[in-house]
Amino acid sequence: MNFLQRLDQRLLSAAGDVLARLFRGAVRLRAFTVAVAVVAVTATLLVVHGAQEHQRSDPSLGDVLRVGIDEGGSIPGYVQRAADELAALQGEQPVYALVSFTAYLGPDRLPPVLAGVALSSVFARVPLPGTQTELVRLGAYEVPADVVAGMEATAARKAEEAAHYRQLLDKAADQPGDVRAVYLDGAIIADKEATAYRAHCSCVYAAVIYAAPAGLRAVAARPETRAVDPITDLRRLDRTVFLPPLPEQAQVAGPIASSAPS
């Protein structure tokens, strides 16, 4: 398992970064000055667009595997498909699975939920009302220690991001108001994210785990679990994009409708 974890850590990082780039926050993309970023996000969306089930892949994109639910997909339908696939698993061969939670959990709540399985990573975001905050992948094999360490590193990065936005704002006195608003919103949101992660917030909404079918079913039976989506066709973790549903969304998956932060 130590070998598996080391291999996993090397391979998963590239795939996890896709999510971080995909949802940096809608307010950061409002002005024409970030058109290049919009193009980059659009290119990433082309990779994952139209994927409702993780078995679907596009050979022209190097067999990218999508696990989870795409924007606009039915969340009840996804949960039922995952449950059906989990029920159909046979034998004792361990497989990876994407676990979605019913609520955002803090690091201290993860050990009982993920007991009995190997953990690869968790997904977190600060659930600010009306704000699409960044979706962050944290490599984690031990809970809560690795998640706490990942949150503290993210808090430091977010503090630097807020400072950068403020520097841009200071230099933008002659820029249009919508440009300055983007910088100000970015600084406010990054500050709030930094504060939340520094406090080890209830921000974790999904995890990637590795276990035999019996272990996956045990996790699925816990009240904090929304879905356990087994990945029986996994080939390469670095060619996998994870799209777990957000806890606050009950029917349709998609970005959070953003409003101006206060």
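Residues numbered from 1 in each chain as written. Predicted model: local features only at pLDDT ≥ 70, side-chain atom pairs only at ≥ 80, totals over all residues. Heavy atoms only, no water.

### Let's talk about the nonpolar core
Inference 1: Judged by nonpolar contacts, the single largest core of 34 residues is most densely connected at F101, L114, Y197, I209 and L216.
Inference 2: Broken down by element, the residue count for this core peaks at 5 residues, all from strand 2 (residues 95-105).
Inference 3: When neighbours within four sequence positions are excluded, L114 is seen to be in contact with F101, L119, A207, I209 and R222.
Inference 4: Core analysis: the next-biggest nonpolar cluster, separate from the first, contains 23 residues, I69, A118, A206 and F242 among them. (Core = buried A, V, L, I, M, F, W, Y, C linked by side-chain atoms within 4.5 Å. Buried < 20%, exposed > 50% of the residue type's maximum accessible area, 1.4 Å probe, protein only. Helix = DSSP H or I, 4+ residues; strand = E, 2+ residues; numbered from the N terminus. Contact = heavy atoms within 4.5 Å.)

### With respect to the state of the cysteines
Inference 1: Taken as a whole, this structure holds 1 disulfide when the rule is applied.
Inference 2: The residue that forms a disulfide with C201 is C203, at a sulfur-sulfur distance of 2.0 Å. Note on the C201 and C203 pair: the S-S dihedral is about -125 degrees, so by sign convention the disulfide is left-handed. In this structure, C201 and C203 share a single accessibility class: buried. (Disulfide = S-S within 2.5 Å.)

### Overview of the confidence of the model for the chain
Inference 1: A residue-level look at the chain finds 74% of positions with pLDDT of 70 or above and a mean pLDDT of 81.
Inference 2: Here residues 1-7 is modelled with pLDDT under 50, and outside its nearest four sequence neighbours on either side it reaches 5 contacts, counting other chains as well. (pLDDT = per-residue confidence, 0-100.)

### Points about unusual backbone geometry
Inference 1: That bond from V143 to P144 is cis: its omega, 5 degrees, falls within 30 degrees of zero.
Inference 2: Within the secondary structure, P144 is located in the loop between strand 4 (136-139) and helix 5 (145-170).
Inference 3: Notably, H200 is not glycine yet its phi reads approximately 55 degrees, a positive angle.
Inference 4: Relative to the assigned elements, H200 resides in the loop between helix 6 (177-198) and strand 5 (204-211).

### What to know about helix 5
Inference 1: With 26 residues, helix 5 should cover 38 Å at 1.5 Å per step; its first-to-last C-alpha distance of 38 Å lies within 8% of that length.
Inference 2: On its buried face, helix 5 is in contact with helix 4 (110-113), strand 3 (118-124), strand 4, helix 6 and strand 5. (Expected span 1.5 Å × (residues − 1).)

### Things to note about the pattern of salt bridges
Where charged atoms from two side chains of opposite charge come close, those side chains can pair.
Inference 1: Going through the model one piece at a time under the given rule, you end up with 6 salt bridges.
Inference 2: A salt bridge links K158 to E134, with the nearest nitrogen and oxygen atoms 2.7 Å apart. Of this pair, K158 sits in helix 5 while E134 sits in the loop between strand 3 and strand 4, and the two are 24 residues apart along the sequence. A single burial state applies to K158 and to E134, both of which are buried.
Inference 3: Measuring nitrogen to oxygen at the nearest pair gives 3.3 Å for the salt bridge that ties K158 to E161. Pair noted here: K158 and E161 are both in helix 5, with a separation of 3 residues, about one helical turn.
Inference 4: When its relative accessible area of 0% is taken as the criterion, K158 is described as buried.
Inference 5: Salt bridges here are not isolated pairs; linked through shared partners, they connect E134, R157, K158, E161 and E193. (Salt bridge = Lys/Arg side-chain N within 4 Å of Asp/Glu carboxyl O.)

### Describing the packing of helix 5 against helix 6
Inference 1: Closest axis-to-axis distance for the helix 5/helix 6 pair is 8 Å, and the angle between their directions is 160 degrees. The angle between helix 5 and helix 6 falls in the class roughly antiparallel. The handedness of the crossing between helix 5 and helix 6 comes out as left-handed. Two secondary-structure elements touch here, helix 5 through M151, E152, T154, A155, K158, A159, E161, A162, Y165, R166, L168 and L169 and helix 6 through R180, V182, Y183, L184, G186, A187, A190, D191, E193, A194, Y197 and R198.
Inference 2: Split into classes, the residues belonging to the contact of helix 5 with helix 6 amount to 14 nonpolar, 2 polar and 8 charged. (Axes fitted to C-alpha atoms, helices over the stretch in contact; angles between N-to-C directions. Parallel < 35°, antiparallel > 145°, perpendicular 65-115°, else oblique. Left-handed = near helix turned anticlockwise from the far one by under 90°. Nonpolar A, V, L, I, M, F, W, Y, C, P; charged D, E, K, R; others polar.)

### Let's talk about the sheet that holds strand 3
Inference 1: If you trace the 5 strands from one edge of the open sheet to the other, you get 4-3-5-2-6, paired in antiparallel fashion. Each edge of the open sheet carries a strand with a single partner, namely strand 4 and strand 6 (225-231). Taking the axes of each pair of neighbouring strands and ignoring which way they run, one obtains an average angle of 20 degrees across the sheet.
Inference 2: Sheet topology note: the strand 2/strand 5 ladder contains 7 bridges and is antiparallel. Directly across from V95, in strand 5, lies its bridge partner A211.
Inference 3: Here helix 3 (residues 75-88) sits on the sheet and contacts strand 2 and strand 6; the angle it forms with strand 6, its principal contact strand, is near 55 degrees.
Inference 4: Those strands touched by helix 5 are strand 3, strand 4 and strand 5, and its axis lies near 135 degrees from that of strand 4. (Pairing = 2+ DSSP bridges.)

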